[in-house]
Amino acid sequence: MAHSGVHKDRGELRIHENLDELGTDLAEYIAELSEASVKERGVFAIAISGGSLIGLMGKLCEAPYNKTVDWAKWYIFWADERVVAKTHADSNYKLAKDGLLSKVPVVPSHVNSINDTVSAEEAANDYEFHVRQLVKTRTVNVSDISDCPKFDLILLGMGSDGHVASLFPNHPVLDEKDEWVTFITDSPKSPPERITFTLPVINSASNVVVVVTGESKAEAVHLAIDDVGADCLSLPARLIQPTKGKLAWFLDKLAASKLDGSQFSE
Ligand SMILES: O=C1O[C@H](COP(=O)(O)O)[C@@H](O)[C@H](O)[C@H]1O
């Protein structure tokens, strides 16, 4: 790893020389969290995102992880999903199915995808209801300081505008405090209709990992992590602040190129 350190209040920073190195470190990190969670709770409740993240998780499908990870104990969710058919090229489910889930022995009934046959509003309501059932049985843990689900791991990507999941800059859903899953019909990035975990759910997770690569995202990484003043406090990625859980950033050198190195320690 090119650099690893802890930012004074934005979590752990893991900066990698290239994408290959990042993918190796990410697979190891996820495998370790899976092992710890299965040991402690008997299951691993993981929420994933779409976009470039899935390709960067690819090493989980290879040796040794394809054999050593206890895939049967994984319960998979989506931190955000586009409201399109599961066969559609824009579907985060399809991306994960093709790039990851079809290559490892996960249990099909543990794959918790959205209902793609209803409106965005209904899909969000259905998904929240579904998560609530799994919280009741503690397949998904519950926060000890709110009634929110406490996922063992939520994996996020970040857009060059600083969006995470489908929480976009200046969108009213950033203020949603009551719902666990909400919907938007006006996403600035296509497709417009999406469902997304809300900030309280993301910030209740035991672990949140944000994976960001490429020079086009360097400015947003700087705004999300460095001390940049009040103007940027509402950038969605900056609002990722787990209440009790751990936050880690997996960056490549290009994405990290505008970071102020003085704010983190080795
Ligand atoms: O639209 C989305 O974008 C983000 C970021 O995607 P990336 O390809 O720039 O990494 C992604 O995390 C999110 O799940 C997706 O719906």
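- Under the annotation held in an unreviewed UniProt entry, the protein carries the name Probable 6-phosphogluconolactonase and is attributed to Populus euphratica.
- As its UniProt record puts it under Catalytic activity (unreviewed entry), the protein is described as follows: "6-phospho-D-glucono-1,5-lactone + H2O = 6-phospho-D-gluconate + H(+)".
- On record in UniProt, under Pathway (unreviewed entry), the comment for the protein is "Carbohydrate degradation; pentose phosphate pathway; D-ribulose 5-phosphate from D-glucose 6-phosphate (oxidative stage): step 2/3."

### Looking at the overall build of the protein
Thinking step 1. Regarding its fold elements, the protein presents seven helices and 13 strands.
Thinking step 2. Here the C-alpha radius of gyration of the protein, 17 Å, is about what a compact globule of 266 residues would show, namely 18 Å.
Thinking step 3. Each principal axis of the C-alpha atoms in the protein carries an extent, and together these give about 45 × 45 × 40 Å.
Thinking step 4. With 266 residues in all, the protein has 54% of them scored as buried.
Thinking step 5. Contacts spanning at least 24 positions in sequence make up 72% of the contacts within the protein whose residues lie at least 6 apart.
Thinking step 6. Counting every atom, the protein has about 11,300 Å² of accessible surface; 51% of that belongs to carbon and sulfur.

### Regarding the nonpolar core
Thinking step 1. In this structure, Phe77, Phe151 and Phe197 are the most contacted members of the largest nonpolar core, which totals 90 residues.
Thinking step 2. The leading source of residues in this core is helix 1 (residues 19–41), at eight residues.
Thinking step 3. With sequence-adjacent residues up to four places away left out, Phe77 is seen in contact with Ala45, Ile46, Ala47, Ile48, Asn112, Tyr127, Val131, Leu134, Val140, Phe151 and Phe197.

### Quick notes on the site of the ligand
Thinking step 1. The full set close to the ligand counts 14 residues, and Gly50, Ser52, Asp80, Lys189 and Lys217 are the nearest of them.
Thinking step 2. Arg82 places a side-chain nitrogen or oxygen 2.9 Å from an oxygen atom of the ligand.
Thinking step 3. When the free accessible area of the ligand is taken as 390 Å², the share hidden by the protein chains comes to 91%.

### With respect to helix 7 (residues 218–225)
Thinking step 1. Taken residue by residue, helix 7 has Ala218, Ala220, Val221, Ala224 and Ile225 as its buried positions. Seen end-on, helix 7 carries its buried residues on one side only, within an arc spanning 160 degrees.
Thinking step 2. Lining the buried residues of helix 7 we find strand 1 (3–7), strand 2 (11–16), strand 11 (207–212) and strand 12 (246–252).

### A few points about the sheet that holds strand 10 (residues 194–197)
Thinking step 1. Spatial ordering of the open sheet is given by 5-10-9, a layout of three strands whose pairing is antiparallel. Edge strands, defined here as strands with exactly one partner in the open sheet, are strand 5 (80–82) and strand 9 (181–184). The average angle at which neighbouring strand axes cross in this sheet is 20 degrees, direction not considered.
Thinking step 2. When strand 5 meets strand 10, the two strands line up antiparallel, connected through three bridges. The residue bridging Arg82 from the neighbouring strand is Arg194, located in strand 10.
Thinking step 3. Sheet contacts for helix 5 (residues 120–136): strand 9 and strand 10; angle to strand 9, the most-contacted strand, approximately 170 degrees.

### Description of the packing of aromatic side chains
Thinking step 1. Counted according to the given criterion, the structure contains six aromatic pairs.
Thinking step 2. Plain terms: the ring middles of Phe44 and Trp74 are 5.1 Å apart, the flat faces sit at 70 degrees to each other, and that makes the pair edge-to-face. With Phe44 in strand 3 (residues 44–48) and Trp74 in strand 4 (residues 74–78), the pair connects residues that are 30 residues apart, well separated along the chain. Across the pair, Trp74 and Phe44 agree in class, each one buried.
Thinking step 3. Ring-pair connections join several aromatic residues into one group, and the members of that group are Phe44, Trp71 and Trp74.
Thinking step 4. For the cation-ring pair, Lys86 lies above Tyr93, with the distance from its terminal atom to the ring centre recorded as 5.9 Å.
Thinking step 5. If you follow Arg132 out to its NZ or CZ, it ends over the ring of Trp180, 3.8 Å from the centre.

Cut-off values and rules
Residues numbered from 1 in each chain as written. Predicted model: local features only at pLDDT ≥ 70, side-chain atom pairs only at ≥ 80, totals over all residues. Heavy atoms only, no water. UniProt positions renumbered as here; feature names shortened; annotations may be inferred. Helix = DSSP H or I, 4+ residues; strand = E, 2+ residues; numbered from the N terminus. Rg over C-alpha atoms; globule rule 2.2 N^0.38 Å. Buried < 20%, exposed > 50% of the residue type's maximum accessible area, 1.4 Å probe, protein only. Contact = heavy atoms within 4.5 Å. Areas by Shrake-Rupley, 256 points an atom, 1.4 Å probe, with all protein chains shown as cover. Core = buried A, V, L, I, M, F, W, Y, C linked by side-chain atoms within 4.5 Å. Near = heavy atom within 4 Å. Polar contact = N/O pair within 3.5 Å; in protein donor to acceptor, adjacent residues only side chain to side chain. Arc of directions from axis to C-beta. Pairing = 2+ DSSP bridges. Axes fitted to C-alpha atoms, helices over the stretch in contact; angles between N-to-C directions. Phe/Tyr/Trp six-rings, centres within 6.5 Å; stacked < 30°, edge-to-face > 60°. Lys NZ or Arg CZ within 6 Å of the ring centre and 35° of its normal.

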